[in-house]
Amino acid sequence: MKRPQDFVPSSPQPSFSPQHKKPKVTDTSATSHRDEDSTSAEWTRVERRKGKKARRIAAKHDASMPRFMYVNGEIVKRKDAIHIDDVRDLVLHIVADSPPPNWVKIEKPRSIQKVVTLLIPGLLPDFLSLPPLPTSATANPNVPLSIPLPSDSDTSIPFIASTFSHACPTRAPGDQTRMFSVLGTFFQGPISAEEKKKRIEARIASGRAFDKDPTLYLLSLPQMIENDYPIPSYMADVFEKPPGWVETPQPVTESLLLLPLEKQRSRVYAIDCEMCLTEDGKELTRVCIVDYESGIVIYDKLVKPPKPVIDYLTKWSGITEASLAVATTTLGEVQQHLLSILAPKGGPTSILVGHSLESDLKALRICHPLCIDTALIYHHPRGRPLKPGLAWLTKKWCHREIQTKGEGGHDPEEDALACVDLLKLKIQCGAGFGEFKTDFESIFERMARASGRGGPGSVRGAVVDHGNPSVMHGSKATTTIGCSSDEEVLDGLLQAIPAHEFVFGRFTGLADAMGWLTPKATADAPAVVVPISEPSPEVLAAAQAKLDGHLVSLYTSLPARTAVVIFTGHSDPRRMSALNARKSAFESAIKSGKKAEDIDRSEWWTASDGRELEEEVEKAKRGLLFLGIK
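What you see is a predicted model, and the numbers here were worked out from it, not measured in a lab.

Caption draft 1: How the structure looks around the pattern of salt bridges. All chains considered together, the criterion is met by 29 salt bridges. Of the charged contacts, one joins Arg-446 and Asp-97 as a salt bridge, the two residues approaching to 2.8 Å between their closest N and O atoms. Placement of Arg-446 in helix α16 (residues 443-448) and of Asp-97 in the loop between α3 (84-95) and β5 (104-107) is noted, with a sequence separation of 349 residues between them. Relative accessible area serves as the criterion here: at 30%, Asp-97 is assigned to the partly exposed category.

Listed below in structure tokens is the structure:
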């Protein structure tokens with residue numbers, strides 16, 4: 001909720017009443033010829049009716065400001081606190097035409113011009129002098145908490161305390177041992193029943209048209225660009241080939257039409273590559289190609305990297321120093337052999353199948369036009385932009401386990417055959433196979449269909465975030481702005497807000513100062529458990545002051561009747577992450593064949609550790625929500 005006007009910085013609204021009409025303006029430069037003999041005459045420019053109507057509507061909205069009101073009676077009925085998807089649905093109700101939520105009431109929601117949503121991890125209750133969550137059986141921990149005014153408490157972020165009257169507890173998504181992505185949950189939601197029916201009908205019609213043809217699942221050019229595929233130059237001028245790269249030649253359509261019908265169909269091959277880490281980064285060290293029709297391996301080579309290997313990444317690649325010592329094949333030789341397979345002389349271009357195939361193509365340094373990606377034709381259970389793992393897909397849909405060698409790494413032949421089986425199963429069962437009962441879509445797709453305001457396609461959305469949001473949660477937005485600091489996020493928000501009805505931004509400086517941000521584990525940089533330490537008071541105070549300044553600058557620039565939605569997403573995740581890392585290390589050791597007595601007792605995972613993990617997960621899921629309208 002928003003503070004009374006005494007505490008909110010705002011510009012005075014212009015008064016407007018029928019008794020004080022704006023005088024008409026005489027334009028002495030406007031002339032009109034009544035007839036050939038008439039002379040120039042001055043005419044009075046009359047304001048257009050549409051302009052008058054727009055100003056009357058604006059004045060009406062300004063005279064009666066919209067506002068948020070929590071419905072405590074509905075909140076106490078809930079089993080949990082307000083979820084992140086509830087926050088998403090609230091935004092969609094204001095911006096689009098989604099049903100109204102029952103836990104918060106919005107007076108005059110159509111008077112709201114814009115919605116600015118901010119994710120600020122690290123904004124803890126202690127910083128606002130909020131009381132601890134009640135533990136009494138008679139008190140509900142999910143109802144909004146009253147925020148003390150800055151003059152009444154030692155708040156470290158005075159903007160929040162002076163602007164919002166209440167903080168509503170929220171709960172991040174997850175299960176008993178993990179917390180799921182807050183961003184993924186906010187930006188992805190289930191489609192409506194009507195939209196789902198349309199999609200099912202489209203899938204059925206599409207499946208009939210292609211009739212068991214693998215080309216049904218070829219990636220389109222926009223899909224390849226969105227998923228960072230290296231694109232051949234004749235498809236689009238969006239990828240500049242560095243030295244050492246090749247591309248599959250463009251086939252001559254006229255010559256293909258002269259071939260017998262049975263030879264006009266493209267051959268399909270599954271491919272999987274393994275890489276090791278060299279002085280120049282990751283390099284190809286093994287490639288395996290399997291024929292789709294027969295399941296026979298037609299090419300399997302160890303590849304000698306051009307530079308010395310500094311990490312064989314055996315846990316993932318399965319490559320060891322001894323196995324690579326006998327390799328003599330170079331990357332250039334692999335490329336030439338693959339081009340003979342992908343673009344056979346006089347025949348159609350072959351189709352490549354793989355899992356996250358863009359990574360294999362980058363390792364091979366080949367641009368190829370016809371690609372099928374099992375990470376995209378099958379869905380992750382939590383929806384886009386998440387991609388399912390190959391081992392999980394194979395176990396879920398093919399009912400067999402792969403990649404079970406533990407520290408021995410992956411087998412590229414096994415992975416390629418899994419891709420073959422998954423594609424065959426998809427073709428056999430239809431386009432909807434491997435997708436979950438509840439289809440998901442981006443909030444921007446939902447906004448694009450909104451019939452309110454200016455009609456479908458009129459709602460413009462922007463994402464301003466660290467990194468490259470255009471390939472993740474902002475892929476469907478009208479505008480995305482990638483940033484490397486909170487200062488850039490603020491500048492991006494100020495730039496995006498005037499031209500968009502919905503704008504999302506994320507400030508991470510406070511969470512970073514508190515040590516919450518850690519790099520994600522990769523094949524060449526496994527997760528490292530960092531000791532938990534608290535920042536010095538000086539570092540924390542500087543981060544809080546910087547955040548407060550950013551929020552004041554942003555709020556001051558907002559136009560009237562802008563809804564401000566701020567949520568923290570979660571609490572401190574470090575203890576939860578450390579326990580999960582210990583659990584994963586212990587389970588990996590057991591899977592690799594080690595006995596418990598061979599493992600240091602301090603590294604064991606016990607039942608008490610499991611209970612502690614569940615407690616830490618529940619703590620980490622706690623967050624706060626602030627609602628207000630300027």
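Caption draft 2: Broad picture of helix α15 (residues 412-429). When the terminal C-alpha atoms of α15 are compared, their 26 Å separation across 18 residues agrees well with the 26 Å that a helix rising 1.5 Å per residue should span. Inspection of α15 places Pro-412, Asp-415, Ala-416, Ala-418, Cys-419, Val-420, Leu-422, Leu-423, Leu-425, Lys-426 and Ile-427 among the buried residues, and these make up the whole buried set. Turning to α15, the residues buried within the fold contact β11 (268-278), β12 (281-291), β15 (351-354), β17 (371-373), α13 (374-377) and α14 (390-398). The N-cap residue of α15 is Asp-411: its side-chain oxygen and the backbone nitrogen of Glu-413 are 3.0 Å apart. Gly-430 lies just past α15 and shows a positive phi near 110°.

Caption draft 3: Structural view of α14. Of the positions making up α14, those classed as buried are Leu-390, Leu-393, Thr-394, Trp-397 and Cys-398. What you see down the axis of α14 is that its buried residues fit within an arc of 100°, all on one side. As for α14, its buried residues are in contact with α13 and α15.

Caption draft 4: Focus on the nonpolar core. Ranked by internal contacts, the top residues of the largest apolar core, which has 49 residues, are Phe-186 and Phe-502. Of all the elements, α3 adds the most residues to this core, at 7 residues. Sequence-distant contacts of Phe-502, that is, excluding residues within four places in its chain, are made with Val-91, Val-95, Val-115, Thr-117, Phe-186, Ile-443, Phe-444, Met-447, Arg-460, Gly-461 and Ala-462. If you look at the next biggest cluster of nonpolar residues, it comprises 42 residues, including Leu-118, Phe-164, Met-514 and Leu-558.

Caption draft 5: Just the side chain of Arg-574, in detail. Of note, Arg-574 is situated in helix α20 (residues 574-591). Here Asp-572 takes part through its side chain, which lies 2.8 Å from a polar atom of the side chain of Arg-574. With residues near it in sequence (within four places) discarded, Arg-574 still touches Met-514, Gly-515, Trp-516, Ile-532, Ser-533 and Glu-534.

Caption draft 6: Structural detail: the pairing of β5. The alternating pattern of β5 places Val-104 and Ile-106 on a buried face, while none of Lys-105 and Glu-107, on the opposite face, is buried. Looking at chain direction, strand β3 (residues 67-70) and β5 are connected through 4 bridges and run antiparallel. Counted as the bridge partner of Arg-67 is Glu-107 from β5.

So, how was this worked out
Residues numbered from 1 in each chain as written. Predicted model: local features only at pLDDT ≥ 70, side-chain atom pairs only at ≥ 80, totals over all residues. Heavy atoms only, no water. Salt bridge = Lys/Arg side-chain N within 4 Å of Asp/Glu carboxyl O. Helix = DSSP H or I, 4+ residues; strand = E, 2+ residues; numbered from the N terminus. Buried < 20%, exposed > 50% of the residue type's maximum accessible area, 1.4 Å probe, protein only. Expected span 1.5 Å × (residues − 1). Contact = heavy atoms within 4.5 Å. Polar contact = N/O pair within 3.5 Å; in protein donor to acceptor, adjacent residues only side chain to side chain. Arc of directions from axis to C-beta. Core = buried A, V, L, I, M, F, W, Y, C linked by side-chain atoms within 4.5 Å. Pairing = 2+ DSSP bridges.

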